[in-house]
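# Architecture at a glance
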Amino acid sequence: MDRIREELEKLEEENLHPRAARSGSSKGRKKDETPCRVRTCYQRDRDRILHCKAFRRLKHKTQVFLAPQGDHYRTRLTHTLEVSQIARTISRALRLNEDLTEAIALGHDLGHTPFGHAGEEALDGIVEKGFSHVAQSLRVVEVLEKGGQGLNLSLEVLDGIRKHSKGLGEIVPTGEDRALTVEGQVVRLADIVAYINHDIDDALRAGVLLDEELPADLTEDVGETHAERIGCMVRDIIESTRGGNLERAVMSDGLVQKCRDLRGFLFEKVYYNPQTHREFLKASKILRDLFEHYMEHPGEMGATEGEGRTREERERLACDFIAGMTDRFATMMFEKTFLPQPWKIL
Ligand code: MG
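Report follows, based on the coordinates. All values derive from a computational prediction rather than experimental measurement.

## Remarks on unusual backbone geometry
Residues other than glycine seldom take positive phi values, yet Arg95 does so here, at roughly 60°. Tracing the chain through its elements places Arg95 in the loop between α4 (76–93) and α5 (98–107). Here Arg95 falls in the partly exposed class, since its relative accessible area comes to 43%. Even without a glycine there, the phi angle at Leu246 is positive, about 60°. As for its position among the elements, Leu246 is in the loop between α11 (226–243) and α12 (253–271). Here Leu246 falls in the buried class, since its relative accessible area comes to 2%.

## Comments concerning the packing of α4 against helix α9 (residues 182–206)
One can describe the packing of α4 onto α9 by two numbers: an axis separation of 8 Å at closest approach and a directional angle of 130°. By the angle between their directions, the pair α4 and α9 is classed as oblique. Judged by the twist between their axes, the crossing of α4 over α9 is right-handed. Residue-level inspection shows His79, Glu82, Val83, Ile86, Ala87, Ile90 and Ser91 of α4 in contact with α9, the latter providing Val186, Val187, Ala190, Asp191, Val193, Ala194, Tyr195 and His198. Among the residues forming the contact of α4 with α9, the class breakdown is ten nonpolar, three polar and two charged.

## Observations concerning the coordination of the magnesium ion
Where a metal carries four tetrahedral donors, each ideal angle is 109.5 degrees; where it carries six octahedral donors, the ideal angles are 90 or 180 degrees. His79 (NE2), His108 (NE2), Asp109 (OD) and Asp191 (OD) make up the full set of protein donors to the magnesium ion, lying at 2.2 to 2.5 Å. In the primary structure, the donors to the magnesium ion are separated according to the pattern H-x28-H-D-x81-D. Of the two residues, His79 sits in helix α4 while Asp109 sits in the loop between α5 and α6 (116–126), which places them 30 residues apart along the sequence. Each member of the pair, His79 as well as Asp109, is classed as buried.

## Things to note about the packing of aromatic side chains
Counting across every chain of the model gives five aromatic pairs. By the ring-pair criterion, three or more aromatic residues cluster together here, those being Phe267, Tyr271 and Tyr272.

## Some words on the environment of Val83
Looking at the element boundaries, Val83 is found in helix α4. In contact with Val83, not counting residues within four places along its chain, are Ala105, His108, Val187, Ala190, Asp191 and Ala194.

## Thoughts on the environment of Thr80
With respect to the element layout, Thr80 can be found in helix α4. Sequence-wise, Thr80 and Asp253 are 173 residues apart; in three dimensions their C-alpha atoms are separated by 26 Å. Excluding its chain neighbours within four sequence positions, the residues that come into contact with Thr80 are Phe55, Leu58, Ala105, Leu106, His108 and Asp109.

## Considering the pattern of salt bridges
Counted under the stated rule, the structure contains 29 salt bridges. For Lys129, the salt bridge identified is with Glu312, shortest N-O distance 2.6 Å. With a gap of 183 residues between them, Lys129 in the loop between α6 and α7 (133–148) and Glu312 in helix α14 (residues 311–323) connect regions that are remote in the sequence. Assigned by exposure class, Lys129 and Glu312 land together as exposed.

The rules behind the values
Residues numbered from 1 in each chain as written. Predicted model: local features only at pLDDT ≥ 70, side-chain atom pairs only at ≥ 80, totals over all residues. Heavy atoms only, no water. Helix = DSSP H or I, 4+ residues; strand = E, 2+ residues; numbered from the N terminus. Buried < 20%, exposed > 50% of the residue type's maximum accessible area, 1.4 Å probe, protein only. Axes fitted to C-alpha atoms, helices over the stretch in contact; angles between N-to-C directions. Parallel < 35°, antiparallel > 145°, perpendicular 65-115°, else oblique. Left-handed = near helix turned anticlockwise from the far one by under 90°. Contact = heavy atoms within 4.5 Å. Nonpolar A, V, L, I, M, F, W, Y, C, P; charged D, E, K, R; others polar. Donors = N, O, S within 2.8 Å, 3.2 Å for Na, K, Ca; no water. Phe/Tyr/Trp six-rings, centres within 6.5 Å; stacked < 30°, edge-to-face > 60°. Salt bridge = Lys/Arg side-chain N within 4 Å of Asp/Glu carboxyl O.

Okay, here's the thing in structure tokens:
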């Protein structure tokens, strides 16, 4: 029993690509811990993320369509699982460390607010120091989880979470924006492949997009169906990265251009479509009103005496509390706080 982890580390040493991250050579954790007897450090990190509360809340957070009633729409949880699946396929094909890839993928969006990007934009507009889900994901795993102790993850996992986001930035990042490990770089590409494809799929399901509106170079060059398109993009990433001997995870120039175009197409037709955007504005108002309310009543966030005395401290508390909410919890708190409650029969 005692030597299982050592044996797994040896297998990684023998079988993984020279550019892969090896759990035996991890830079370690901020606080030293006795290694697990059975699992490598990256397996352990993956398990810690999977078992944490913020992970379970992802199932009731918006991906694009707010609090969808249709059971087939993506939520932040299914998005996370799709990113993980795509990233693991690429990692295994390239003989990278699949456990590290999975840990980064499962943790990458833990800091997302309720109501998706509408929530993120709303908080960013209110909080003095600004708000980004990337920084919040790190805060969740470093500080907020486990009753304020954090999960004490390996530095490679933290680095991958920190560098996963693309926003409207470069699809294949360079310099400081690029994750230190190839596994972290793979997750960033897998995130883009996942969301471009599933947001198109959900928008078609919602009737916000029609099949005939899809750009011809997507359907003709990438694939007719959702599955074909993901397959084509995954193969491109594997071949392009292998072509560069895994120096870094990349896509071909052609695919980078297509992803850029598709991202622009999604912004125009889906994210800023008047129908979806109208709901975004309502969601922003809910979060702005809640934020103001909690700034005045920090006790309602469970803050103990002495906490939240300065404006900055109260902002931090309100920001953590609201960012952690699911769509339905935020709506419920808004109703409870601002709408008269119907009198119940005793
Ligand atoms: Mg994501």
